[in-house]
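Geometric and topological summary
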Amino acid sequence: MPTGQLILMAIFGIVVIAWGAWRDMKNHRNEKAARQAEGNTRG
């Protein structure tokens, strides 16, 4: 496998992981706000 292809795959993987983590953070914030509105705090 050429080095260029490996680099592209690595960049793609990093982008996918970063995007997933960002979405997870956003969802977590929304869930936290929804839980506070309901008045039931977990943990």
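The numbers attached to residues start from 1 for each chain and follow its sequence in the written order. In keeping with the predicted nature of the model, local features appear solely for residues at pLDDT of at least 70, side-chain atom pairs appear and are counted solely at 80 or more, and the whole-chain, interface and lining totals rest on all residues. Side-chain figures throughout are based on the complete set of non-hydrogen atoms in the structure, without hydrogens or water.

Describing the overall build of the protein chain
Quick note on the threshold: In this description a helix means any DSSP run of H or I spanning at least four residues, a strand means any run of E spanning at least two, and both kinds are numbered starting from the N terminus. We call a residue buried when its accessible area falls under 20% of the maximum for its residue type, exposed when it is over 50%, and partly exposed in between, using a 1.4 Å probe and counting protein chains only. Residue burial considers only the protein chains on display, and all accessible areas are found by Shrake-Rupley using a 1.4 Å probe.
For the protein chain, the count of helices and strands is 1 helix and 0 strands. Buried positions account for 0% of the 43 residues belonging to the protein chain. Here the protein chain displays about 4,100 Å² of accessible surface, and carbon together with sulfur accounts for 64% of that area.

Looking at helix α1 (residues 3-38)
One full turn of an α-helix is made of 3.6 residues, so residues set three or four places apart face in the same direction. Just so we agree on the cut-off: One fewer than the residue count of a helix, multiplied by 1.5 Å, yields its expected span.
Spanning 36 residues, α1 covers 52 Å between terminal C-alpha atoms, matching the ideal 52 Å at 1.5 Å per step. Of the residues flanking the end of α1, it is Gly39, one or two places downstream, whose phi is positive at about 90°.

Re a nonpolar patch on the surface
For clarity, the cut-off: Surface patches are defined over residues having more than 30% relative accessible area and no salt bridge, joining like charges when they lie within 9 Å and nonpolar side chains (Val, Leu, Ile, Met, Phe, Trp, Tyr) when within 5 Å. Whenever a carboxyl oxygen of Asp or Glu lies within 4 Å of a side-chain nitrogen of Lys or Arg, that contact is scored as a salt bridge.
Taken together, the side chains of Ile7, Ile11 and Val15 define a hydrophobic patch exposed on the protein surface, amounting to about 270 Å² of accessible area. The topology assignment puts Ile7 in helix α1.

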